[in-house]
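# Structure assessment
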Amino acid sequence: MPSAPPSVPLHIAIVMDGNGRWARQRFLPRLAGHAQGVESLRRCVRACVARGVQVLTVFAFSSENWSRPQEEVSGLMGLLAKALAREVPELSRDGVCVRFVGEKSSLSDGMRKGLEQAERLTVGNTRLVLNVCFNYGGRWDITQAAAQLAARGEVITEASLHAAMGLAHVPDPDLVIRTGGEMRISNFLLWQAAYSEFFFSERFWPDFDEAALDEAIACYGARERRFGRTSEQVRQAGAQPEALRA
Ligand code: FPP
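Residues numbered from 1 in each chain as written. Predicted model: local features only at pLDDT ≥ 70, side-chain atom pairs only at ≥ 80, totals over all residues. Heavy atoms only, no water.

With that out of the way, let us pick up the site of the ligand. The local shell around the ligand holds 18 residues, among which Asp17, Gly20, Arg21, Arg30 and Arg68 are the closest. Asp17 places a side-chain nitrogen or oxygen 3.0 Å from an oxygen atom of the ligand. The separation between an oxygen atom of the ligand and a polar main-chain atom of Asn19 is 3.2 Å. When the free accessible area of the ligand is taken as 620 Å², the share hidden by the protein chains comes to 91%. Breaking the shell around the ligand down by element, the ones donating at least two residues are α1 (19–25), α2 (30–51) and α3 (70–93). With four residues, the single largest contributor to the shell around the ligand is α2. In terms of residue class, the shell around the ligand is made up of eight nonpolar, six polar and four charged. (Near = heavy atom within 4 Å. Polar contact = N/O pair within 3.5 Å; in protein donor to acceptor, adjacent residues only side chain to side chain. Areas by Shrake-Rupley, 256 points an atom, 1.4 Å probe, with all protein chains shown as cover. Helix = DSSP H or I, 4+ residues; strand = E, 2+ residues; numbered from the N terminus. Nonpolar A, V, L, I, M, F, W, Y, C, P; charged D, E, K, R; others polar.)

Time to look at the sheet that holds strand β4 (residues 128–136). A sheet is described by the order of its strands in space; here six strands give the open sequence β3-β4-β2-β1-β5-β6, paired in parallel fashion. Where the open sheet ends on each side, the last strands, each with one partner, are β3 (96–101) and β6 (197–200). Here the average twist between neighbouring strands, direction ignored, is 20 degrees. Pairing of strand β1 (residues 11–15) with strand β5 (residues 175–178) involves four bridges; the strand directions are parallel. Across the sheet, the residue bridging to Ala13 is Val176, located in β5. (Pairing = 2+ DSSP bridges. Axes fitted to C-alpha atoms, helices over the stretch in contact; angles between N-to-C directions.)

Moving on, we come to the packing of α2 against α3. The geometry of α2 relative to α3 is characterised by a closest axis approach of 10 Å and an angle of 25 degrees between their N-to-C directions. With respect to each other, α2 and α3 are oriented roughly parallel. Of the two elements, α2 crosses α3, and the hand of that crossing is right-handed. Contacts between α2 and α3 pair Arg30, Leu31, His34, Ala35, Val38, Glu39, Arg42, Val45 and Arg46 from the former with Glu72, Gly75, Leu76, Leu79, Ala83, Arg86, Glu87, Glu90 and Leu91 from the latter. Per-class residue counts for the contact of α2 with α3 are eight nonpolar, two polar and eight charged. (Parallel < 35°, antiparallel > 145°, perpendicular 65-115°, else oblique. Left-handed = near helix turned anticlockwise from the far one by under 90°. Contact = heavy atoms within 4.5 Å.)

Let's shift gears to the packing of α3 against helix α4 (residues 109–122). Contact pair α3 / α4: the axes reach a minimum separation of 10 Å and the direction vectors enclose 15 degrees. Overall, the two elements α3 and α4 adopt an arrangement that is roughly parallel. In the packing of α3 onto α4, the handedness of the crossing is left-handed. Here Met77, Leu80, Leu84, Val88 and Ser92 of α3 come into contact with α4, specifically with Met111, Gly114, Leu115, Ala118, Leu121 and Thr122. Among the residues making up the contact of α3 with α4, the classes are represented as eight nonpolar, three polar and no charged.

Structural data, given as structure tokens:
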């Protein structure tokens, strides 16, 4: 993987909010906003690769999104199927490894196979890991991890729980971005965002372009991450997150 300066977060996570409002402002159906959201995601993946970000995690469909109007839910499923067919070969050429994180067992067979095929096709890629949180909720993730440990009769510790969770294959997010002007976490990465920096953007997700990403990264670069320690300790440790977490 290309190395990025320390001021660039290794792992960015995004709540891609505001597709519906973007569409409404233009007198378009909500689904047009989601379609534009897919374009924005493609642009964001490229921009992250170019900046040396190593992991990008996006909230594509929450456990709660099933309760949206049926037309919107099936439209989102159709968009995902189309995006998989169209984008995965190109993502793979760009060195992106795609992982789907969420409850897969309740998805249709066709949908599950599509997700698994995308994962298989991109498994060896190392420039960027793209985690797509789909049928995902932070509470679901903590619960399923605890259930796994209980079923195996394992002791529950921070480390064992962490290892059983959906994002065990990547370090925790350094920066969590939420677009669309809302300032809440909405059941996203409840465990993994314990020490993440947050950046809230007024822009709707389809309008979140490279300049907006750079603004979020610059804001992150100016933060002091203390992981519960004092400023003096942080300066002594040379501001290395790994040293501070230990
Ligand atoms: C939130 O905007 C966005 C979503 C619920 C879906 C995000 C999905 C994408 C960006 C496309 C990629 C994913 C798939 C599944 C193809 P909102 O609809 O809540 O916007 P609003 O708050 O303005 O109504």
